[in-house]
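# Residue-level structural notes
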Amino acid sequence: MEGQTPGDRGLSEKPVPTAARPSLSSLGAIFILLKSALGAGLLNFPWAFHKAGGVAPAFLVELVSLVFLISGLVILGYAASVSGQATYQGVVGGLCGPTIRKLCEACFIINLLMISVAFLRVIGDQLEKLCDFLLPGAPPAPQPWYADQHFTLTLLSVLVILPLSAPREIGFQKYTSVLGTLAACYLALVVVAQYYLGPQDLAREPRLASSPSSWTSVFSVFPTICFGFQCHEAAVSIYCSMRHQSLGHWALVSVLSLLACCLVYSLTGVYGFLTFGTDVSADILMSYPGNDGVIIVARVLFAVSIVTVYPIVLFLGRSVMQDFWRRGCCWACGPRALAEPSGPWVRMSLTVLWVTVTLAMALFLPDLSEIIGIIGGVSSFFIFIFPGLCLICAISVEPVGPRVKCFLEAWGVVSVLVGTFIFGQSTVAAVMELLRAGRGLHGCPGPPACTQP
């Protein structure tokens, strides 16, 4: 791709980076952007509504976040057109300098790696529940070896996830993204239908808490929202793959995608919370009976939904590693000494490496539920901090009116400050939870008979 130097055009019409034969339609871009956001966070939204203290506080936090989420996507499209880069880290580096780019790449790898591990853990849990339903037995009797999560998840990764992750361009995912989006919508419809038509033995509470327990409980919802709505890492790649590239058109695609995503998340969060009240589980599917056929179908389809998201996350992580490969080759051996990083051998090697590492972490690391806050905190860099920095740097090299420039600079500063607050608050809370969990594993402070597991 050829980089473009910022011109002297106004804010409404900017030069755009040109990918090799971009072929992604607007509808395909909407589906990919929507599916990038509709992931494992869908299961956590009813629990987030409970943590926020009810429907009204959670809706308020979600609407405020939606403003920053949409503005972040629009800013990234504008920054891509100004910088002439086709990747998120390229845009950040082109506008903010190499130091910020290195920080962006480090956050990128950590965030995408942990998201991939979390996705595989969710898929593994659904496979385990499905095997328990299909192969019922007495609790003392162990499940067959082929029903073990280590085997089923490995087989799924090799036969399904790896082939879906192999293509060179992200535009291929527009076909699987349609299926994944429909699966996520089905889960939302099941949650709504179970509230109105579900069995009477569900723990439904007619009167729910309508106020948060403390102001910190309201802010604790932000990491879940960041984790759920994170599609900004894919924004630049999707924008540069579009056949029709303009800032106004990209803004429309961003608004439609996030509004549809907000509808699905809100329906799941509201009706899941109203169905179970304060007894709602962090995984909404775990709150329903395990032998319900509708819930079994929802488990299968949601696993399919996550399977279709994983290749998009891998594509973004692979692009960062390809940049590392390219810069390392040029520095150590010259520009043509080693294989082209976008070639099939390097691309497949990096894909196999990513799948292998994340699969090993998903199978052998302990429960990752405590670090969802850290994932959401790191996501705030891509949703708030880096877009704010890109906006400030972009308008410093682009001629805009003084009032527009003042407003955009102020918005960029606000985005950076909000993102920094969310990162600090969520990371500290997650670390405290990990420390408390560690103390619980190593002993209990109470009366004499303190045992260790």
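The structure reproduced in this document is the subject of the present report. Keep in mind that this is a model prediction, so the values were computed, not measured. (Residues numbered from 1 in each chain as written. Predicted model: local features only at pLDDT ≥ 70, side-chain atom pairs only at ≥ 80, totals over all residues. Heavy atoms only, no water.)

## Digging into the overall build of the protein chain
Inclusion rule: Note on conventions: DSSP H or I runs of at least 4 residues are helices, E runs of at least 2 residues are strands, and numbering of each starts at the N terminus. We call two residues contacting when some pair of their heavy atoms lies within 4.5 Å.
Along the backbone of the protein chain there are 15 helices and zero strands. Intrachain contacts of the protein chain at a sequence separation of at least 6 include 84% that bridge at least 24 residues.

## Looking at the pattern of salt bridges
Where we set the bar: Just to be clear on terms, a salt bridge is a Lys or Arg side-chain nitrogen sitting within 4 Å of an Asp or Glu carboxyl oxygen. Accessibility here uses a 1.4 Å probe with only protein chains present; expressed as a share of the type maximum, an area under 20% marks a residue as buried, one over 50% as exposed, and anything in between as partly exposed.
Under the definition given, this model contains one salt bridge. Arg101 serves as the salt-bridge partner of Glu105, at 3.0 Å between the closest nitrogen and oxygen. With Glu105 and Arg101 both in helix α5 (residues 98-134) and four residues apart, the pair spans about one turn of that helix. Assessed through its relative accessible area of 2%, Glu105 is described here as buried. Judged by its relative accessible area of 18%, Arg101 falls in the buried class.

## Focus on a nonpolar patch on the surface
As a reminder, the rule being used: Patch construction takes residues with relative accessible area above 30% that form no salt bridge. Like charges are linked within 9 Å, and nonpolar side chains (Val, Leu, Ile, Met, Phe, Trp, Tyr) are linked within 5 Å. Only the protein chains shown count as cover for residues, and all accessible areas are computed by the Shrake-Rupley method using a 1.4 Å probe.
A cluster of nonpolar side chains, Phe133, Leu134, Leu135, Trp145, Tyr146, Phe151, Leu155, Val158, Leu159 and Val160, forms an exposed patch at the surface whose accessible area comes to about 950 Å². It is helix α6 (residues 149-165) that provides the largest number of residues to the nonpolar patch, a total of five residues. With respect to the element layout, Trp145 can be found in the loop between α5 and α6.

## What to know about the nonpolar core
For the record, the criterion: Throughout this description, the term nonpolar core refers to a set of buried Ala, Val, Leu, Ile, Met, Phe, Trp, Tyr and Cys residues connected via side-chain atoms within 4.5 Å.
Counting residues in hydrophobic clusters, the biggest one holds 124 residues, and the most contacted among them are Tyr88, Phe229 and Phe382. In this structure Phe382 touches Tyr88, Cys104, Cys107, Phe108, Asn111, His232, Glu233 and Pro387, once residues within four positions along its chain are discounted.

## A closer look at the packing of aromatic side chains
Quick reminder of the rule: For Phe, Tyr and Trp, where Trp contributes only its six-membered ring, two rings pair if their centres lie within 6.5 Å, and the inter-plane angle classes them as stacked under 30 degrees, edge-to-face over 60, or tilted in between.
Taken as a whole and judged by the stated rule, the model has 19 aromatic pairs. Ring centres of Phe49 and Phe59 lie 5.9 Å apart, and the angle between their planes is 80°; on these two criteria the pair is classed as edge-to-face. Taken together, the positions of Phe49 in helix α2 (residues 41-52) and Phe59 in helix α3 (residues 55-83) put the pair ten residues apart, joining distant regions of the chain. The buried category is assigned to Phe49, whose relative accessible area is 2%. For Phe59, a relative accessible area of 31% translates into the label partly exposed. Aromatic side chains Phe381 and Phe423 sit 4.9 Å apart centroid to centroid with 75° between the ring planes, which places their arrangement in the edge-to-face category. You can see Phe381 sitting in helix α14 (residues 372-397) and its partner Phe423 sitting in helix α15 (residues 402-442), a full 42 residues away along the chain. Joined through ring pairs, the aromatic side chains of Tyr88, Phe108, Phe381, Phe382, Phe386 and Phe423 make up one cluster.

## Focus: the side chain of Ser287
How we decide: Polar contact is the term for a pair of N or O atoms within 3.5 Å; when the atoms are in protein, one must be able to donate a hydrogen and the other to accept it, and sequence-neighboring residues count only if both atoms are side-chain atoms.
With respect to the secondary-structure elements, Ser287 resides in the loop between α11 (247-276) and α12 (293-332). Overall, the relative accessible area of 18% leaves Ser287 in the buried class. Among the polar contacts listed, one links the side chain of Ser287 to the backbone nitrogen of Ser281, at a separation of 3.0 Å. Once residues lying within four places of it in the same chain are set aside, the contact partners of Ser287 are Phe276, Asp279, Val280 and Ser281.

## Topic: the packing of α3 against helix α9 (residues 221-229)
Under the convention used in this document: The convention used is that axes are lines fitted to C-alpha atoms, helices contributing only their stretch in contact, and that angles between N-to-C directions extend from 0 to 180 degrees. With respect to orientation, any angle under 35 degrees is reported as roughly parallel, any angle over 145 as roughly antiparallel, any angle of 65 to 115 as roughly perpendicular, and every other angle as oblique. Helix crossings get a hand from a simple test, with the near helix turned counterclockwise from the far one by less than a right angle marking a left-handed crossing and a clockwise turn marking a right-handed one.
Two numbers describe how α3 lies on α9: the axes approach to 11 Å, and their chain directions differ by 45°. What the angle tells us is that α3 and α9 run oblique. Judged by the sense of rotation from one axis to the other, the crossing of α3 with α9 is right-handed. For the pair formed by α3 and α9, the contact residues are Val61, Glu62, Ser65, Leu66 and Leu69 on the first element and Val221, Phe222, Ile225 and Phe229 on the second.

## Some words on the state of the cysteines
Stated precisely, the cut-off is as follows: Only a pair of cysteine sulfur atoms within 2.5 Å counts as a disulfide in this structure description.
Across all of its chains, the model carries zero disulfides by this definition. No disulfide involves Cys96; its sulfur sits 3.7 Å from that of Cys393, the nearest cysteine.

## Remarks on the packing of helix α4 (residues 88-96) against α5
What counts is decided by this rule: Note that Gly is not counted as nonpolar here; it falls among the polar residues with everything else outside the nonpolar set of Ala, Val, Leu, Ile, Met, Phe, Trp, Tyr, Cys and Pro and the charged set of Asp, Glu, Lys and Arg.
One can describe the packing of α4 onto α5 by two numbers: an axis separation of 7 Å at closest approach and a directional angle of 160°. With respect to their mutual orientation, α4 and α5 come out roughly antiparallel. Regarding α4 and α5, the two cross each other, and that crossing is right-handed. Facing Tyr88, Gln89, Gly90, Val92, Gly93 and Cys96 of α4, the residues of α5 in contact are Pro98, Ile100, Arg101, Cys104, Glu105 and Phe108. In terms of residue class, the contact of α4 with α5 is made up of seven nonpolar, three polar and two charged.

## Let's talk about the environment of Phe273
You can see Phe273 is positioned in helix α11. Accessibility expressed as a relative area gives 3% for Phe273, which makes it buried. Residues Phe273 and Trp47 lie 226 residues apart in sequence; the distance between their C-alpha atoms is 6.9 Å.

In short, the description is geometric, and any link to function would need to be established separately.
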